[in-house]
Every structure is written in structure tokens, then in C-alpha cells.
Amino acid sequence: QVHLEESGGGLVQAGGSLRLSCTASVRTFSFYPMGWFRQAPGKEREFVAAIDWSGDSTSYADSVKGRFIISRDNAKNTVLLEMNSLKPEDTAVYHCGLGGVGASMSETPTAYFYWGQGTQVTVSS
């Protein structure tokens, strides 16, 4: 059984920062690509950032590039998302996803097989 748990969301003013964490209950975590997606009310789940199994390659949505940083700590089975210079448009529920073992990182939700419940991020103006 695979279980993902996100944490770190909250309320922050525009220009502020938050650090999201996702912990996975899965063995051989280092072989799974990981991703962060977000979903705002009335919108589809959209790609935010992804990281390959080694942590050497990352990918970001244009809307967050230069502001967000994704990283992973395989020893702790965690993936992190540092969010800086937050904007009201960043308000959403943020979910982490776990991809296929040995697969490449992906910006497509269908490439991820397990998801966490999500953590709410609210940015006020």
C-alpha cells in the first residue's frame, strides 16, 4: 500500500513564502519520479513542478519558474516544494504525486499513480 501525505500549507500574504512537504510510505522511494500539482476551485489540476528519481533533473510550469524550487530527500522519503514570492493566483490545493518506478519525470497528471490528499495554500493580496 502506498500512502502520500502533504503538509506545510497555510495562509500567507502576497510576496511571502511557504515550504510544502510530502512524505511517501513506499520502499525504494529513490526510484520513483515525483511531482507537485495544484487545483483551484472550478479549474483542472495543473502541473507545478516535477523531479526525477535522482534529483538531478527538474521541471517547472512557466507560472512558477524562478519562484518555486522542488527537491527531494530520498533518505526521508520526502519531496519538498519551496514557494517564494507568492501571488494570489497561487491559491489552490497542492497535491504531490508518485510516478512509475524508473519512469521519467512528467508534467502530465496521468503519469502519476498515487496522490496525497492535498494541502491548502491561500495567498492574500
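Residues numbered from 1 in each chain as written. Predicted model: local features only at pLDDT ≥ 70, side-chain atom pairs only at ≥ 80, totals over all residues. Heavy atoms only, no water.

Peer 1: Before we go on, may I ask you to explain the pairing of strand β5 (residues 46-51) in this structure?
Peer 2: In terms of burial, β5 is largely enclosed, as five of its six residues are buried. Relative to β5, strand β4 (residues 34-39) runs antiparallel, the two being bridged by five bridges. Bridge pairing in β5 places R38 opposite E46. In textbook terms, the turn of a hairpin is the stretch between consecutive antiparallel strands, and for β4 and β5 this stretch comprises six residues, one of which, G42, has a positive phi near 80 degrees. Where β5 and strand β6 (residues 58-60) come together, three bridges link them in antiparallel fashion. The residue of β6 that forms the bridge with A50 is S59. A loop of six residues connects β5 with β6, the two strands running antiparallel in sequence, and G55 in this loop sits at a positive phi of about 85 degrees. (Buried < 20%, exposed > 50% of the residue type's maximum accessible area, 1.4 Å probe, protein only. Helix = DSSP H or I, 4+ residues; strand = E, 2+ residues; numbered from the N terminus. Pairing = 2+ DSSP bridges.)

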